[in-house]
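Okay, here's what each chain looks like letter by letter:
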Amino acid sequence: MRKWLFLLCLLLFADAWLLGELEERTSLDTLREAGIPEESFQKAGISKEESLLYIGFWKDLEYFPLAFPCEGEEKFFFENGWHDRRSFGGERFHEGCDIFGNRRLTDYYPVVSITDGQVEQKGWLPLGGWRIGVRSPGGGYFYYAHLSSYGRDFQEGDQVKAGELLGFLGDSGYGPEGTTGKFPPHLHLGIYVETEEDPEYALNPYPVLQFLQEKQKIFSY
């Protein structure tokens, strides 16, 4: 009897292991088919399960969110600051990635839409300053914050094209409407998706920016 129980347990364990291996292989195949750079996600500390949440909007990605002037190429700098601690407005985690230009200037670097999409939110937030949020066709919500100005008088519901001027990099935020100068000029990019548990689930934008960093637009202004 003990022998049969042992064999049954062994078979159950083998089935569970094979199922786990199959699910792992299926996840990897799905990510690769979507064109997601698995190595970048691993280095950023993003699990395979969470990587699957990027698939819906990955095909929408077209442009790096900052452009450079036509008179000379600019380098932009960003680090994996995901979940760094922040204190303004209370202790919290940083849900995004900050991008800086060579020149610490406001209203100089164009901020462009990474994807086609629809404007869902626009206006002032105490943390984000002048911000705009665009929902891509694949369901990703792209949040551009700390703008100095907007590219046009956007309204909620407006359609935008990938590469369209949304505004200019600035240093707005961390206070009541109109507050500036609390930090160096930069663009804060956040990415959110809807899940069964959370309608605004935050994803790490770092591998998205790595993927797009060679896809910058040139503006003449």
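Look above for the structure.
Residues numbered from 1 in each chain as written. Predicted model: local features only at pLDDT ≥ 70, side-chain atom pairs only at ≥ 80, totals over all residues. Heavy atoms only, no water.

## Points about the pairing of strand 12 (residues 187–193)
Line of reasoning, step 1. Within strand 12, seven of the seven residues are buried, which leaves the element mostly enclosed by the surrounding structure.
Line of reasoning, step 2. Here strand 12 shows two buried faces, one formed by Leu-187, Leu-189, Ile-191 and Val-193 and the other by His-188, Gly-190 and Tyr-192.
Line of reasoning, step 3. Relative to strand 12, strand 5 (residues 97–101) is paired through three bridges, and the arrangement is antiparallel. Within the sheet, the bridge partner assigned to Ile-99 lies in strand 12 and is Leu-187.
Line of reasoning, step 4. Where strand 9 (residues 141–150) meets strand 12, five bridges bridge the pair, whose relative direction is antiparallel. When the bridges of strand 12 are listed, Ala-145 appears paired with His-188.
Line of reasoning, step 5. Where strand 12 and strand 13 (residues 201–203) come together, three bridges link them in antiparallel fashion. (Buried < 20%, exposed > 50% of the residue type's maximum accessible area, 1.4 Å probe, protein only. Helix = DSSP H or I, 4+ residues; strand = E, 2+ residues; numbered from the N terminus. Pairing = 2+ DSSP bridges.)

## Section: the pattern of salt bridges
Line of reasoning, step 1. Taken as a whole and assessed by the stated rule, the structure comprises six salt bridges.
Line of reasoning, step 2. Glu-39 is the salt-bridge partner of Lys-43, the closest N and O atoms lying 3.2 Å from each other. You can see Lys-43 and its partner Glu-39 sitting in helix 2 (residues 38–43), four residues apart, about one turn around the helix.
Line of reasoning, step 3. The exposed category is assigned to Lys-43, whose relative accessible area is 68%.
Line of reasoning, step 4. Glu-39 gets classed as exposed once you look at its relative accessible area, which sits at 52%.
Line of reasoning, step 5. Among the ionic pairs, Lys-122 bridges to Asp-153, the shortest N-O distance being 3.3 Å. (Salt bridge = Lys/Arg side-chain N within 4 Å of Asp/Glu carboxyl O.)

## Quick notes on the environment of Ala-145
Line of reasoning, step 1. Among the secondary structure elements, Ala-145 is positioned in strand 9.
Line of reasoning, step 2. By relative accessible area, which is 1% here, Ala-145 ends up buried.
Line of reasoning, step 3. Through-space distance from the C-alpha of Ala-145 to that of His-188 is 5.1 Å; in sequence the pair is 43 residues apart.
Line of reasoning, step 4. Ala-145 has contacts with Gly-128, Trp-130, Arg-131, His-186, Leu-187 and His-188, leaving out every residue within four places of it along the chain. (Contact = heavy atoms within 4.5 Å.)

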